[in-house]
Structures are given as C-alpha cells and as structure tokens.
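Chains, contacts and geometry: an overview
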Amino acid sequence: MERKPKKKKSFFLLRNANQRSEDAKEREMEQCTLPIDEPSLFDRLCSLALLKAAFKEVRKNKGAPGIDGVTIKDFENNLVEKLGQLKEDLLNWHYKPAPVRRVEIPKPAGGVRLLGVPCVRDRVVQAGIKLLLEPILEKQFSDNSFGFRPKRNQRQAVEQAQRIAQSGKAYVVDIDLSKFFDRINHDRLISQLSQYTDDKRILRLIGMTLRSGIMKDGAVTPSTKGTTQGSPLSPLLSNLVLDKLDKELERRGLEFCRFADDCNLFVRSQKSAERVMRSVCKFIENKLKLVVNEEKSKVALTNQVKFLGMTIVDGTIAISKRAIDHAMTKVKELTPRGTSQNLDAAITAINRWYVGWSGYFSMTQYPAQLKKIEAHIRRRLRSRIVAQQKRRRHLYKKLVKRGVNGKTATKAVYSNNKRWVLSHTQAVEQAYPNKWFEKMGLEIRSDKELPHWFEVKQWVHLT
C-alpha cells in the first residue's frame, strides 16, 4: 500500500503553539520572582521597625506607668536596646505579659469604671499587634460602627443618628450592655480571631495578654474573662466581638449606629421598638453570651434618649440634660465655697476643664447651651468675690470703687440677701461684667459662630 504523504502543519497552528510555549515561560519567570514565603504576622511583629512604630503609638497616647513603675519617658531612654531585648524575648518565647494595674474611675452617673494599666513594654506589644490586625479586621467591620476606628468619631455617630431620626424613625431602642468589657469570653474571642488569621503564635500571644491577671493592693487576681479597658488592643477586640451584633442587625434590615458598647436602633413605632428590643436582647444573651442591663435599656422617643452625651430633639442635635447637669456639678466642684484659692487659680482650673468639655460638646446645634454653662461659671466666681469681702461695708466700698452708683450699691449690699443672690444683682454684675472675666482670661466658647450652630438666642427644651 502506498503511504499517504504527511500533511504539513498550518502556519497558524505553529504560531499558536509557539505563543503558548512563550506564555508558559513567562508564567514560570513570574513564579520565580514572587516571594516564596511571605513573613507571618508574628515575624512582622518581631521586627524592630514595627516595634518602633508601636512605641510611637504608645507615646502618642501617653498614659500612666504599670505595676513596674516605668514611665514612657523612662522606656524611651535606650529605646533601641530595650526594643531589641523585647524582640529577642518574643522570638524565644521568654516574653510574658505582666499583670495590669487596677484603676477605678468614678462614673458621672454613679459607680466606678474599672480600668487596667499595662506596663509600657506590654503596651508596645499590644500596639504592634493592633497595627497588624486592624487593617485586616477593618475590612470586615460595619459602616454603622464608629467607636475606636480610624477616621471615625463620636460626632459622625451622632450625625448618623440625626439622619435616621430625620427620616421618620422617631423611636429608639437603647440597649445597654452590663459590664461588657469585663464579660467577654476569651475562648470565643480567640476562635473568632482565628477566622481572620491562621498565625497561631499571634493568637497565643493575644491569649497570654488576655490572661495576664490584675494587680490591686499588691495582690494578683487571675483574669479568666474580659478585656482590659485602657489597653491598646481592647477597643479592637471589643469591636470584633460586637461585629456579630452589627451583622445580625444589618441582616434584619434595621437602622442603627453603634459606638463601642453604646448601641441605638431606630424604628417608626413603639410597638416595633418593643418587638425589636425583645428579639435583639435574646440574640445578645443567647448568641453572644453577653448580659443586657434591663434597668438602663429602654424604648423611648429620640428626645428622651442620650447617645454619647447628646440627644436628638425634633431632628436637631443638642447636649443631653444629663450632660448639662453633670457640667453644672463640675463647675460647682471647681469653685467650692470656703476656699483660699485665688481667682486666677480658679480660672486656670476652670479653663483646663471647660476647653476640653466644650470642644467635645460643640457638636450641639444650640450655642445657648454653652452660654448657659458660661453664665453659671461667672455667677459662681462673682459669688466667691462677694464672699471674700467678709463684711458688707467692704463689699459696698468695692462696688463703688468699681463704678457702681452708691444708691444701687446700697440697695444690693444692705439687703438680707446672701452671697448667691447678691452675685446675680445689678450692682455686682455691673462691677464685674462679662468682659471683665474675659480680660481675666476666662475662656468663652459660645461666641465661635460655628457653621452648624443656630443663633445663640435660640433655645432647646430638654426632657
């Protein structure tokens, strides 16, 4: 039989084959250029560059020393040497977190808030872990969560609450978690973290940090649950725990805003609010194994609920009544009766508090609220001036010397009124007007005319 001549491969087939071989070579070259083993989170934590960045975060946040008494300034001396030793201890697993120092801070509403102060060395490690985990976890967190997150703050949370209320959802489900930071389950937290990182050394280090113990009055108590309020890592871990709540609320289609463990849900009717309260509390206690404070949790209209010290009244933002009352009490503490403190020292102390307080509460749309606090400060100071004169004739001479008409001064001074009533009389206010206190250095914040403010004469009625 005659053999059939072999057909020649077409030009296009040959060209495609050559192209495939070239592509394969390029892929091999690319694979060769890629790093075979990327450094793990733990390896990155043990680098001097990251530990230096972590120390900068600790220094920026300041803070008191832990149980070893070492301050941030002390730690900064021979920083490279100390960070080098910390790196070696981490790599060799000689590192062991020290117990935190227990600090009790009085709450404005009563009771105490339990804080823990880790040693500076431990804060550096925790800040380093946070630098590594935060970019990973931030991608998972809800847009409705505002607490302790990059580029998010209290004002954004309050403004979101305002937008939701303005949409017609006037009822709030205000859920308060009882001792949230102290009740977090360690095993559940580590299990949840393992979903986002498989670096068991980092997980082990976090577990050691959580179980480092608490020292109070020289005695160490084991920490079997909870995260330390006051540590760099605690806010991130608490957000991770409550992210399950955020996801559940979003799944249900509820509108809410959360700042740490302070969470408000908004609905259109009281009946819906009560139903949501029951179902969400059930989820928190059964699924998250946390405890809802039934006494503080409530269903109410927006103008009866405080959120981060603010309240929503008819769609506007105002300082809550409780925050105003606390401010009045603080002014009273800063200007006590029967003190030898001079006026300059009193004004310095008041300014130190009021500048920070008014800076935060300037998110109100009613500058009249700040003006009320400032008027109360001036009256307390006028009352002190009156009391310092000892005798009424001395007060009379003082008022006349400062330009008050003799008849007006006599009418005020030689009445049966005591210091507090006298501080609000025409004679005393004329002798010591508002501008005089400004010249003395008393800070005024109600005249700033911020873009979101109404006119200062516009008042808001709080319930």
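Thresholds applied
Residues numbered from 1 in each chain as written. Predicted model: local features only at pLDDT ≥ 70, side-chain atom pairs only at ≥ 80, totals over all residues. Heavy atoms only, no water. Helix = DSSP H or I, 4+ residues; strand = E, 2+ residues; numbered from the N terminus. Rg over C-alpha atoms; globule rule 2.2 N^0.38 Å. Buried < 20%, exposed > 50% of the residue type's maximum accessible area, 1.4 Å probe, protein only. Contact = heavy atoms within 4.5 Å. Areas by Shrake-Rupley, 256 points an atom, 1.4 Å probe, with all protein chains shown as cover. Lys, Arg positive; Asp, Glu negative; His and termini not counted. Charge placed at Lys NZ, Arg CZ, Asp CG, Glu CD. Pairing = 2+ DSSP bridges. Axes fitted to C-alpha atoms, helices over the stretch in contact; angles between N-to-C directions. Parallel < 35°, antiparallel > 145°, perpendicular 65-115°, else oblique. Left-handed = near helix turned anticlockwise from the far one by under 90°. Nonpolar A, V, L, I, M, F, W, Y, C, P; charged D, E, K, R; others polar. Phe/Tyr/Trp six-rings, centres within 6.5 Å; stacked < 30°, edge-to-face > 60°. Lys NZ or Arg CZ within 6 Å of the ring centre and 35° of its normal. Patch = residues over 30% accessible without salt bridge, like charges linked within 9 Å, V, L, I, M, F, W, Y side chains within 5 Å. Salt bridge = Lys/Arg side-chain N within 4 Å of Asp/Glu carboxyl O. Polar contact = N/O pair within 3.5 Å; in protein donor to acceptor, adjacent residues only side chain to side chain. Core = buried A, V, L, I, M, F, W, Y, C linked by side-chain atoms within 4.5 Å. Expected span 1.5 Å × (residues − 1). Bend = angle between axes of the 7 residues up to and from the residue. Disulfide = S-S within 2.5 Å.

**Notes on the overall build of the protein**
Each helix and strand in the protein was counted, giving 20 helices and 10 strands. Since a compact globule built from 463 residues should have a radius of gyration of about 23 Å, the 32 Å found for the protein marks it as more spread out than a globular shape. For the protein, the spread of C-alpha atoms along the three principal axes comes to 145 × 55 × 45 Å. Relative to its full complement of 463 residues, the protein shows a buried share of 44%. The long-range share in the protein, meaning contacts at least 24 apart out of those at least 6 apart in sequence, stands at 74%. Entry remark: accessible area of the protein is about 26700 Å², with carbon and sulfur atoms responsible for 50%. Within the protein, one finds 88 positive and 51 negative side-chain charges whose respective centroids are separated by 8 Å.

**Remarks on the sheet that holds strand 6 (residues 255–259)**
Spatially, the 4 strands line up as an open sheet ordered 6-7-3-8, and their pairing is antiparallel. Two strands close off the open sheet at either side, each with one partner strand: strand 6 and strand 8 (298–301). Neighbour to neighbour, the strand axes of the sheet diverge by 25° on average, direction disregarded. One ladder, built from 6 bridges, connects strand 3 (residues 171–176) with strand 7 (residues 262–267); its direction is antiparallel. When the bridges of strand 7 are listed, Asp174 appears paired with Asn264. Contacting strand 3, strand 7 and strand 8, helix 12 (residues 270–286) runs over the sheet at an angle of about 20° to strand 3.

**Points about the packing of helix 13 (residues 321–334) against helix 15 (residues 367–388)**
Between helix 13 and helix 15, the shortest axis-to-axis distance is 10 Å and the interhelical angle comes to 25°. The orientation of helix 13 relative to helix 15 falls into the category roughly parallel. The handedness of the crossing between helix 13 and helix 15 comes out as right-handed. Across the interface between the two elements, Ile324, Ala327, Met328, Val331, Lys332 and Leu334 from helix 13 touch Gln369, Lys372, Ile373, His376, Ile377, Arg380 and Arg384 from helix 15. Residues that form the contact of helix 13 with helix 15 fall into these classes: 7 nonpolar, 2 polar and 4 charged.

**Quick notes on the packing of aromatic side chains**
Any pair of aromatic rings gets described here by the distance separating the centres and the angle formed by the planes. In total, this model carries 13 aromatic pairs according to the counting rule given. Clustering of aromatic rings is evident, with ring pairs tying together Trp353, Tyr354, Trp357, Tyr360 and Phe361. Taking NZ or CZ as reference, Arg204 lies 4.1 Å from the ring centre of Trp93, over its face. Lying over the aromatic face of Trp420, Arg379 brings its terminal NZ or CZ to 4.1 Å of the ring centre.

**So, a positive patch on the surface**
On the surface, a cluster of positive charge is contributed by Lys107, Arg113, Lys179, Lys296, Lys298, Lys306 and Arg322. Relative to the assigned elements, Lys298 resides in strand 8. Judged by relative accessible area, Lys298 falls into the partly exposed class, the value being 35%.

**Describing the side chain of Thr302**
Along the polypeptide, Thr302 turns up in the loop between strand 8 and strand 9 (310–313). The class for Thr302 is buried, based on a relative accessible area of 11%. At a separation of 3.2 Å, a polar atom in the side chain of Thr302 contacts the main-chain carbonyl oxygen of Ile312. Look past the residues within four positions of Thr302 in its chain and what remains in contact with it is Ala165, Lys169, Ala170, Val172, Phe266, Thr311 and Ile312.

**A word on the nonpolar core**
With 62 residues, the main nonpolar core has Val124, Ile175, Leu193, Ile206, Leu265, Val280 and Ile284 as its most contacted residues. Looking at this core element by element, the count peaks at 8 residues for helix 6 (residues 120–138). With residues near it in sequence (within four places) discarded, Leu193 still touches Leu133, Leu137, Leu203, Ile206, Leu237 and Leu240. Phe266, Val305, Trp357 and Met363 belong to the second-largest nonpolar core, a separate cluster that totals 56 residues.

**What about helix 6?**
Look at helix 6: 25 Å from first C-alpha to last across 19 residues, which is about the 27 Å you get at 1.5 Å a residue. Considering bend angle alone, the principal kink of helix 6 is centred on Leu132 and spans about 35°; proline Pro135 follows within four residues of it.

**Let's talk about the state of the cysteines**
Scanning all chains against the criterion turns up 0 disulfides. Residue Cys263 stays outside any disulfide, its sulfur separated by 7.4 Å from that of Cys257, the closest cysteine. Here Cys281 stays unpaired: no disulfide links it, and the sulfur of Cys263, its closest cysteine neighbor, is 10 Å away. Cys281 gets classed as buried once you look at its relative accessible area, which sits at 14%.

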